[in-house]
Amino acid sequence: MTTTLARLLLSSTVLAGLAAPALAAQPAPPPAAPPAEEEEPVDVSAPGGSNDEIVIVGTRIPNTIRASREVVSVLSAADIARTGEGDIAGALKRVTGLSVVGGRFVYVRGLGERYSLALLNGLPIPSPDPLRRVVPLDLFPTSVLASSVVQKSYSVNFPGEFGGGVINLTTRAVPKDPFFNVGGSIGANSATTGQLGYVYAGGGKDWTGYDDGARNTPQGLRASQANGRALAIGQNFNLRALQDITADLNNAATNVIFRNDNIPVNWSANMSGGRAFDVGDARLGFVFAAGFSNDWQTKAGRQQLSGGATGTGANAALQPDQDFDFAATEFRSVLNGLMSFGAEFGDHKVRLVNVYVNDTIKEARIQSGIDDINVGRDVLLQRNATAHFRRQLIDTQLVGEFKFNDLTLDVRGTYANSKRLAPYERFNNYAFSSQFNDFVNDLRSPGQSSLVSFSRLNEDVYGAGLDLGYKIRGGPFPIRLAAGYAFSRAERVSERFDYRYQSNAALPGAVTQQRPDFLLSDFNVYTYGIILNTISTVAPRYEAKLTVNAGYGQVELEPADGVQVVLGVRYEQGRQRVVPQDVFNANPGSAFNQPTSINQDYWLPAATVTWNFAEDMQFRFSASKTVARPQFRELAPQPYFDTDSDRLSFGNQFLTNSELINIEGRYEWYFGRDERLAAGAFFKDIDNPIDAIAFVQGGTFQNTFANAPNARLYGAEIEAQKYFDLSGWGGLFETRRFFVSANYTFTDSQIRVKAGDTTRFPLSGQVVPATDIFRSGLPLTGQSDHVANLQFGFQDDAGLSEQTILLNYASNRVAFRGPSGQPDLIEKPGIRLDVVIRQGFKIFGREIEAKLEGRNLTNTRYQEFQRLNASRIDTNSYVIGRSFQASLSAKF
């Protein structure tokens with residue numbers, strides 16, 4: 001990959017060198033034409049961070065950058081449109097230092113999700129997947145966003161949980177002009193569309209993303225969960241009662257996997273609109289958007305597991321003790337909507353924003369291979385699994401911005417509810433029998449079992465804030481004072497119940513050969529005594545709460561022309577508590593059931609100095625202290641299945657908060673319209689960073705978390721954007737510009753462990769030497785040393801016509817710490833090439849936009865592996881395929 005990247009960069013350099021003389025030889029271009037697309041003002045202010053009326057020398061620096069007191073990167077509406085992405089996640093991966101994991105989750109400077117924060121209109125956005133902190137930003141259509149600002153330096157009017165940076169999305173409120181857009185798309189993937197995939201029946205409305213009741217938890221099963229009565233013969237239930245509960249489950253519709261030799265195309269439909277009205281001296285408006293999509297993805301590849309290394313030194317090698325070929329087909333249905341009402345009267349603004357997201361994944365998976373750990377290398381196994389994960393987000397925000405001469409007042413409040421429902425996660429495991437010359441499942445023998453799980457999660461989030469700002473006039477230089485208060489509370493209840501099918505007597509050979517729905521049919525349940533038994537887990541249910549009260553004070557001043565100083569401090573009181581509940585009293589008195597409480601208060605200072613030493617140049621320096629708190633799922637000792645990593649994970653109730661020291665410097669030069677060169681460096685020192693670790697239990701990879709003693713991270717980034725006017729070429733190029741945009745981020749992180757350092761392992765709470773889990777000098781999980789983006793193409797200033805080539809590269813990164821004594825699990829993002837073509841035209845007087853996209857044209861596959869000397873274990877590797885999409889949108 002290094003060689004490939006070097007060749008690409010060399011080729012780009014040669015092409016630029018050949019083009020430069022020709023471009024330089026053209027006569028001086030005429031005055032710059034106005035942008036082809038009118039942009040709305042970009043709001044770069046943080047909550048309470050009004051930025052008006054500060055005189056700045058750098059008059060050629062873009063307003064959106066000048067207005068900010070911090071280190072920021074801005075994506076305007078036109079920037080977003082140029083990427084051709086339909087959602088903000090895809091557009092943000094073109095920003096310096098940002099990388100997108102799984103096509104959905106945006107990380108700042110390659111740091112893991114706990115160090116990234118997303119805001120909507122300055123307010124926190126709870127993730128519709130409550131098992132993640134990072135919001136999947138592919139849920140937000142670009143049509144409803146006015147801008148996206150990435151702030152990489154901390155200011156005290158933001159929450160103290162700030163690590164890599166914050167992404168603030170601003171929605172449209174009162175549109176300048178009325179608009180109504182309707183669009184749709186159709187797409188295909190070379191590895192999925194029209195190819196072999198696997199599906200199961202499920203419910204009759206699965207295409208909508210909603211269940212029609214087919215997956216409702218049976219009444220008897222729900223009653224046993226609510227009453228704490230484990231399914232087992234004896235004190236709680238007799239055989240007949242258990243058979244009745246078992247037979248009441250929806251069997252065939254959730255159990256039988258079918259081949260589909262022609263997976264359908266992907267498609268989507270969307271609309272957005274808005275209008276404003278003048279009512280007296282006030283201007284009222286609304287903006288709405290709705291989108292619906294169906295997407296298919298088949299992942300076919302290999303999943304291996306090594307129980308440990310054989311040999312020593314240079315001869316040491318990893319052996320695949322589990323080796324499975326797998327194919328999994330995911331059907332994803334997403335419905336999203338946004339409704340925003342706004343009012344502007346004088347210098348005052350009020351905005352009410354409502355967001356709804358329903359995101360559902362329906363998955364069928366098959367595996368074929370061997371398990372030498374649990375069964376033996378000479379037995380071929382067949383594993384089937386089906387699942388349905390529905391995630392929902394409802395978010396309501398009310399924001400008011402009021403200005404009374406030199407006094408500003410911002411108030412805001414939000415309520416959000418997030419759910420995750422995963423009923424009927426089914427697993428059926430068969431082993432090949434030479435006696436029957438067929439695969440069998442007797443529900444007893446190693447490698448032969450049937451299991452089902454039900455999980456549900458509900459989280460409510462409340463937030464409020466008030467910010468005051470006052471400008472002091474008449475002094476030797478401008479001074480602005482700011483102060484504010486913020487409150488947030490998250491309350492969660494999570495449940496997961498696992499069950500195993502068992503039989504009272506040995507099943508006849510003919511029965512063991514039956515497919516899952518026949519094997520678990522009502523006839524067999526009552527004839528052979530097949531029943532559900534509760535699998536005792538550590539915490540089938542937990543309740544969690546995090547309450548944060550914060551206040552801050554900040555002063556902005558300009559002691560000299562072109563020099564701005566922002567000083568502030570934030571006091572933050574955090575009260576976090578996770579209470580595991582042993583619903584079935586399976587582990588009485590166990591340490592596993594002890595509640596976790598993290599009650600810590602922090603003073604978090606921050607300072608930023610900006611120097612506009614020329615009309616088109618400026619330099620920023622910032623320093624701050626911030627925190628990172630463990631997530632609920634990282635603290636709760638409850639298992640959950642992560643669909644992205646395809647692994648079972650659980651939390652560590654002994655985690656502690658992390659504390660960060662952040663230092664940053666950045667130089668910016670804006671030498672022309674839309675043209676810039678920027679370079680910066682950053683450093684972070686993290687005490688008690690939380691890292692993901694993997695271990696093998698019961699012959700399967702599982703993930704958990706632990707605090708490392710310390711980590712340090714430093715790096716540098718550079719970005720440049722340049723336009724070349726082609727009007728002198730005449731003809732086709734008379735109104736065109738050629739643009740090149742490139743950015744590169746280098747990051748080096750190292751975990752620091754010394755003799756005597758300790759950490760606590762999950763579940764048992766045992767204090768162990770940190771060197772048992774972490775090795776000094778290794779990078780943090782999720783962090784790529786190198787992240788680079790290159791864009792180039794043509795743009796027409798006279799109308800909508802853009803042709804863009806986009807190249808993205810991220811170097812290898814640690815996905816999980818390896819099991820004890822094994823190498824880490826490495827993810828290889830590789831290099832990806834995209835092409836986007838946008839063309840505008842008119843039909844019957846209506847403006848139409850056509851867009852053609854080609855994604856991952858390099859056909860880069862997903863790779864997660866371990867490597868030791870010449871040996872390699874593919875822990876999770878599969879083909880992604882090339883994606884192509886055509887879309888049309890019309891303006892009315």
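Note that the structure is predicted; figures quoted are calculated from it, not measured.

*Asks:* Honestly, the overall build of the protein in this entry has me stumped. Any pointers?
*Replies:* The helix and strand inventory of the protein stands at 11 helices and 45 strands. Buried positions account for 56% of the 892 residues belonging to the protein. In the structure as shown, the protein presents an accessible area of about 35100 Å², 57% of it carried by carbon and sulfur atoms.

*Asks:* How should the pairing of strand β8 (residues 179-189) be read in this particular structure?
*Replies:* In this structure, β8 lies alongside strand β11 (residues 266-279), joined through 9 bridges in antiparallel fashion. In the sheet register, N181 faces β11, and the bridge partner there is S272. The pairing of β8 with strand β45 (residues 883-891) spans 9 bridges and is antiparallel. Each residue of the ladder has a partner; that of V182, found in β45, is A890.

*Asks:* What am I meant to see in the sheet that holds strand β27 (residues 640-642) here?
*Replies:* Sheet architecture is open: 4 strands sit in the order β27-β28-β32-β31, paired in mixed fashion. Taken across any chain shown, the strands that pair with only one partner, and hence form the sheet edges, are β27 and β31 (690-697). The mean angle between the axes of side-by-side strands here comes to 35°, regardless of whether they run parallel or antiparallel. The pairing of strand β28 (residues 647-649) with strand β32 (residues 700-707) spans 2 bridges and is parallel. Residue pairing in the sheet places L648 in a bridge with Q702 of β32.

*Asks:* In this structure, what is going on with the environment of F705? I would like to understand it.
*Replies:* Mapped onto the secondary structure, F705 falls in strand β32. Residue classification places F705 among the buried positions, given a relative accessible area of 6%. A sequence separation of 70 residues divides F705 from L635, and the C-alpha atoms of the two residues are 8.6 Å apart.

*Asks:* When you look at the pairing of strand β26 (residues 617-628) in this model, what are you seeing that I'm missing?
*Replies:* On a regular strand, each side chain points to the face opposite its neighbour's, so the side chains alternate between the two faces of the sheet. Bridge count for strand β25 (residues 596-614) against β26 is 7 bridges, and the pairing is antiparallel. Across the sheet, the residue bridging to A606 is S624, located in β26. Here β26 runs beside strand β29 (residues 658-672); their pairing, made up of 12 bridges, is antiparallel. Looking at β29, one finds that F619 is bridged to Y667.

*Asks:* Sorry if this is basic, but what is going on with the pattern of salt bridges here?
*Replies:* Side-chain pairs of opposite charge can arise whenever the charged atoms involved come near each other. Applying the stated rule across the entire model yields 51 salt bridges. Its salt-bridge partner being E668, residue R666 comes within 2.9 Å of it at the nearest N-O pair. Judged by relative accessible area, which is 4%, R666 ranks as buried. Since its relative accessible area comes to 1%, E668 is described here as buried. Each of K152, R620, R666, E668, R676, E717 and E719 takes part in a single network of salt bridges with overlapping partners.

*Asks:* What am I meant to see in a nonpolar patch on the surface here?
*Replies:* Among the surface-exposed residues, F404, L407, V411, L466, L468, Y470, I472 and L481 lie close enough to one another that they form a single nonpolar patch of about 630 Å² accessible area. Of all elements in the fold, only β18 (407-433) and β20 (449-472) reach the threshold of two or more residues within the nonpolar patch. The dominant element in the nonpolar patch, judged by the number of residues it contributes, is β20, at 4 residues. Of note, L466 is situated in strand β20.

*Asks:* Would you explain the packing of aromatic side chains in this entry?
*Replies:* One pair of aromatic rings is described through two measures. These are the centre distance and the angle between the planes. All told, the structure shown has 24 aromatic pairs when counted by the stated rule. On the numbers, 5.6 Å between centres and 55° between planes, the contact of W267 with F292 is tilted. Of this pair, W267 sits in strand β11 while F292 sits in strand β12 (residues 282-305); the two residues are 25 residues apart in sequence, bridging distant segments of the chain. Judged by relative accessible area, which is 16%, F292 ranks as buried. Summarising the aromatic geometry, the rings of F277 and F286 are spaced 6.4 Å apart at their centres and angled 25° between planes, so their arrangement reads as stacked. For F277, a relative accessible area of 37% gives the class partly exposed. Grouping aromatic residues by their ring pairs yields a cluster made of F180, F277, F286, F288 and F892. The cationic tip of R229 hangs over the ring face of F237; the distance from NZ or CZ to the ring centre is 4.5 Å.

*Asks:* Would you mind going over helix α6 (residues 239-247) with me for this structure?
*Replies:* It helps to recall that an α-helix has 3.6 residues per turn; residues three or four apart then point in one direction. Those residues of α6 that fall on the buried side of the exposure criterion are L242, Q243, I245, T246 and A247. Elements in contact with the buried residues of α6: α5 (219-227), β21 (479-503), α10 (522-528) and β22 (530-534). By the N-cap criterion, in which a side-chain oxygen at the helix start approaches the backbone nitrogen of a residue two or three places on, α6 is capped by N238, the distance to R240 being 3.2 Å.

*Asks:* What exactly am I supposed to notice about the confidence of the model for the protein here?
*Replies:* One rule of thumb: low pLDDT means the predicted coordinates there are not for detailed reading. Considering every residue of the protein, the mean pLDDT works out to 85; 85% of them sit at 70 or more. Across the protein, strand β9 (residues 197-200) holds the top mean pLDDT of 98, while helix α1 (residues 2-24) sits lowest at 37. Across residues 1-46, confidence stays below pLDDT 50; counting only partners more than four residues off in sequence or on other chains, it has 54 contacts.

*Asks:* How should I be thinking about the nonpolar core in this particular structure?
*Replies:* In summary, soluble globular proteins display a tendency toward joint burial of nonpolar side chains. Core analysis: the largest hydrophobic core is formed by 35 residues, its most contacted members being V355, Y542, V578, F632, F705 and F816. Tallying contributions element by element places strand β23 (residues 541-560) first for this core, with 4 residues. Judged by nonpolar contacts, the second largest core, of 26 residues, contains L221, L242, Y424 and L520.

*Asks:* Got a minute to help me understand the environment of R426 in this structure?
*Replies:* By secondary structure assignment, the location of R426 is in strand β18. Assessed through its relative accessible area of 2%, R426 is described here as buried. Separated by 175 residues in the primary sequence, R426 and N251 have C-alpha atoms spaced 10.0 Å apart. R426 has contacts with L249, N250, N251, T254, N255, N384, A385, T386, L451, V452, Y501 and L520, leaving out every residue within four places of it along the chain.

*Asks:* Mind showing me how you'd approach α5 here?
*Replies:* For α5, the full list of buried residues reads L221, S224 and Q225. Axial view of α5: buried residues confined to an arc of 100°, hence all on one face. With respect to the buried face of α5, the exposed residues turned more than 90 degrees away are Q219, A226 and N227. Contacts made by the buried residues of α5 are with α6, β20, β21, β22 and β23. Just downstream of α5, G228 is the residue with a positive phi angle, here 70°.

*Asks:* Help me out: how do you make sense of the side chain of R383 in this one?
*Replies:* By secondary structure assignment, the location of R383 is in strand β17 (residues 376-404). At 3.3 Å, the side chain of R383 forms a polar contact with the side chain of D371.

*Asks:* Help me out: how do you make sense of unusual backbone geometry in this one?
*Replies:* Negative phi characterises most residues that are not glycine, and trans characterises most peptide bonds. The phi dihedral of L443 falls on the positive side, at around 65°, and the residue is not glycine. Examined against the element boundaries, L443 turns out to sit in the loop between β19 (438-440) and β20. A relative accessible area of 4% means that L443 is categorised as buried.

The rules we used
Residue numbers restart at each chain and count upward from 1, following the sequence in its written direction. In keeping with the predicted nature of the model, local features appear solely for residues at pLDDT of at least 70, side-chain atom pairs appear and are counted solely at 80 or more, and the whole-chain, interface and lining totals rest on all residues. Hydrogen atoms and water are omitted, and side-chain values are computed over all heavy atoms in the structure. Working definition: helices are DSSP H or I runs of at least four residues, strands are E runs of at least two. Numbering for both runs from the N terminus. A 1.4 Å probe rolled over the protein chains alone gives each residue an accessible area, and that area as a share of the maximum for its type sets the label: buried under 20%, exposed over 50%, partly exposed in between. Each accessible area value is a Shrake-Rupley result obtained with a 1.4 Å probe; residue values ignore everything except the protein chains displayed when judging cover. Note on pairing: DSSP must find at least two bridges between two strands before they are called paired. All axes here are fitted lines through C-alpha atoms, helices being fitted over the stretch that makes contact, and every angle between N-to-C directions spans 0 to 180 degrees. For this analysis, a salt bridge means a side-chain nitrogen from Lys or Arg found within 4 Å of a carboxyl oxygen belonging to Asp or Glu. Here a patch means residues that are over 30% exposed by relative accessible area and free of salt bridges, tied together within 9 Å if like-charged and within 5 Å if nonpolar (Val, Leu, Ile, Met, Phe, Trp, Tyr). Any two rings among Phe, Tyr and Trp, with Trp reduced to its six-membered ring, count as a pair given centres within 6.5 Å; such a pair is stacked if its planes are under 30 degrees apart, edge-to-face if over 60, and tilted if neither. Two thresholds decide whether a charge sits over a ring: the Lys NZ or Arg CZ must be within 6 Å of the ring centre and within 35 degrees of the ring normal. Throughout, a residue-residue contact means that at least one pair of heavy atoms, one from each residue, lies within 4.5 Å. Here a polar contact means two N or O atoms within 3.5 Å. Within protein one must be a hydrogen donor candidate and the other an acceptor candidate, and residues neighboring in sequence count only if both atoms are side-chain atoms. Known as pLDDT, the predictor's per-residue confidence is scaled from 0 to 100. Only buried Ala, Val, Leu, Ile, Met, Phe, Trp, Tyr and Cys residues count toward a nonpolar core, and they belong to the same one when joined by side-chain atoms within 4.5 Å. The directions considered for the arc are those from the helix axis to the C-beta atoms.

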